[in-house]
Amino acid sequence: MLITIPDVLTVGEVAQARAALDAAEWVDGKVTAGYQAQTVKENLQLPEGHPVTVKLGEMVLAALARSPLFMSAALPLRVFPPMFNRYTGGGHFGTHVDTAIRATATTGQRIRTDISATLFLSAPEEYQGGELFIEDTYGMHSVKLPAGHMVLYPATSLHRVAPVTRGARVASFFWLQSMIRSDGDRTLLYDLDTAIQRLAAEAPGNATEVQLTGVYHNLLRRWAEM
Ligand code: NI
C-alpha cells in the first residue's frame, strides 16, 4: 500500500527543520547505502547521531505519534530514527530496494524494514525533478508532495529518486517495522479500520460498528508480531 499522510509537520515545524538543516554540515549519502545502492546513490545526508539529526528526528517521531492516519496505516512496532537528506546539482538515487534489516547507530537495535517513509521538507516549487518513483504491480507511481507531507510505501518495492536539476530537495527518510509484516494483511486492516471510522461517523453507536471493531481487534490479535 502506498499512502500519503498530509500535514505530518506544521508550517512552523517545517520552517524550524529547514533552518537547522540549511545550516548543518552534510556528508556523502553513500555511508548508509548497501552494496548495490552505493553504486546508484548520489546525494547528501546528515550523519546518524548528529545533534541536528537527533533533535529533528525526535520532532518527527512526536508528530507521527499524534497522527491517527499514520498509526492506522503503519501499525508501527519499531521506528528507525529519522534521517535527513539533500539532493541538489543533479543529485539522484537510482533504482534500488531498501536493505531488509538495519541496526541503529546509537543502540544497535535491529529493525526489519517493512515500510519506507519519506517526509518532504522542501515545497515542490523549490526544485525541479526529485520525484520519488515507486514501482509496484500496478505500475510506476510518481510522488512529489508539499512540505510537511509524508509518503509511506512498502520497503519491498523498487524505487528511485529522479535527478534534481534546479534548487534543492530536502527530506526526512526512515523505515519502520510494523506489527503486521505482510503489506497485504496491513492493507486489509487499514481498509477495515477506515470503514469502521466512516460507519462510526455516519451512524454513531450502532451495533454493527461494535461487532466490526471486535473483528478488527481479533484480526490484529491473530496477526500482530511483537
Ligand atoms: Ni530507498
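Quick caveat: nothing in here was measured; it's all calculated off a predicted structure.

Some words on the pairing of strand β6 (residues 83–88)
Summarising the sheet, strand β4 (residues 44–45) and β6 pair through two bridges and their orientation is antiparallel. Bridging across to β6, Gln45 finds its partner in Asn85. The sheet contact formed by β6 and strand β16 (residues 164–178) spans six bridges and is antiparallel. Residue Arg86 lies in a different strand from β16, and its bridge partner there is Val170.

Here's the deal with the coordination of the nickel ion
Coordination angles at a metal have ideal targets, namely 109.5 degrees for four tetrahedral donors and 90 or 180 degrees for six octahedral donors. For the nickel ion, the full set of protein donor atoms is His96 (NE2), Asp98 (OD) and His159 (NE2), and the range of their distances to it is 2.1 to 2.2 Å. Here the donor residues of the nickel ion are spaced in sequence according to H-x1-D-x60-H. Linking Asp98 in the loop between β7 (92–96) and β8 (101–103) with His159 in strand β15 (residues 159–161), this pair joins segments that are 61 residues apart in sequence. Taking the relative accessible area as the measure of exposure, Asp98 reaches 13% and is therefore buried. Under the relative-accessibility criterion, His159 is labelled buried at 4%.

Brief notes about the nonpolar core
One finds Leu21, Phe70, Met150 and Leu152 to be the most contacted residues of the largest nonpolar core, which totals 30 residues. Elements supplying a minimum of two residues to this core: β1 (3–5), α1 (11–22), α3 (51–65), α4 (68–74), β10 (115–120), β14 (150–154) and β16. In terms of residues, this core owes the most to one element, α3, which gives six residues. Not counting chain neighbours up to four residues away, the residues in contact with Leu21 comprise Trp26, Leu46, Val52, Leu56, Phe84, Leu121 and Val170.

Examining the packing of helix α5 (residues 183–202) against helix α6 (residues 207–223)
Taken N-terminus to C-terminus, the directions of α5 and α6 make an angle of 160 degrees; their axes are 10 Å apart at the nearest point. The orientation of α5 relative to α6 falls into the category roughly antiparallel. Crossing angle aside, the handedness with which α5 passes α6 is left-handed. Judged by residue contacts, Asp185, Leu188, Leu189, Leu192, Asp193, Ile196, Leu199 and Ala200 of α5 engage Thr208, Glu209, Leu212, Thr213, Val215, Tyr216, Leu219, Leu220 and Trp223 from α6. In terms of residue class, the contact of α5 with α6 is made up of twelve nonpolar, two polar and three charged.

Focus on the domain arrangement of the protein
Partitioning the protein into domains gives domain 1 (3–178) and domain 2 (183–223). The straight-line distance from the C-alpha centre of domain 1 to that of domain 2 is 30 Å. Listed as interface residues are ten residues of domain 1 and, on the opposing side, seven residues of domain 2. Summing both sides of the interface, domain 1 and domain 2 together bury roughly 640 Å²; the carbon and sulfur share of this comes to 61%. Summed over the three residues of domain 1 that lose the most area to domain 2, namely Ser72, Leu75 and Pro154, the buried surface amounts to 59% of that side.

Cut-offs and rules
Residues numbered from 1 in each chain as written. Predicted model: local features only at pLDDT ≥ 70, side-chain atom pairs only at ≥ 80, totals over all residues. Heavy atoms only, no water. Pairing = 2+ DSSP bridges. Helix = DSSP H or I, 4+ residues; strand = E, 2+ residues; numbered from the N terminus. Donors = N, O, S within 2.8 Å, 3.2 Å for Na, K, Ca; no water. Buried < 20%, exposed > 50% of the residue type's maximum accessible area, 1.4 Å probe, protein only. Core = buried A, V, L, I, M, F, W, Y, C linked by side-chain atoms within 4.5 Å. Contact = heavy atoms within 4.5 Å. Axes fitted to C-alpha atoms, helices over the stretch in contact; angles between N-to-C directions. Parallel < 35°, antiparallel > 145°, perpendicular 65-115°, else oblique. Left-handed = near helix turned anticlockwise from the far one by under 90°. Nonpolar A, V, L, I, M, F, W, Y, C, P; charged D, E, K, R; others polar. Domains from an automatic or database assignment. Buried area = accessible area lost by both parts, 1.4 Å probe.

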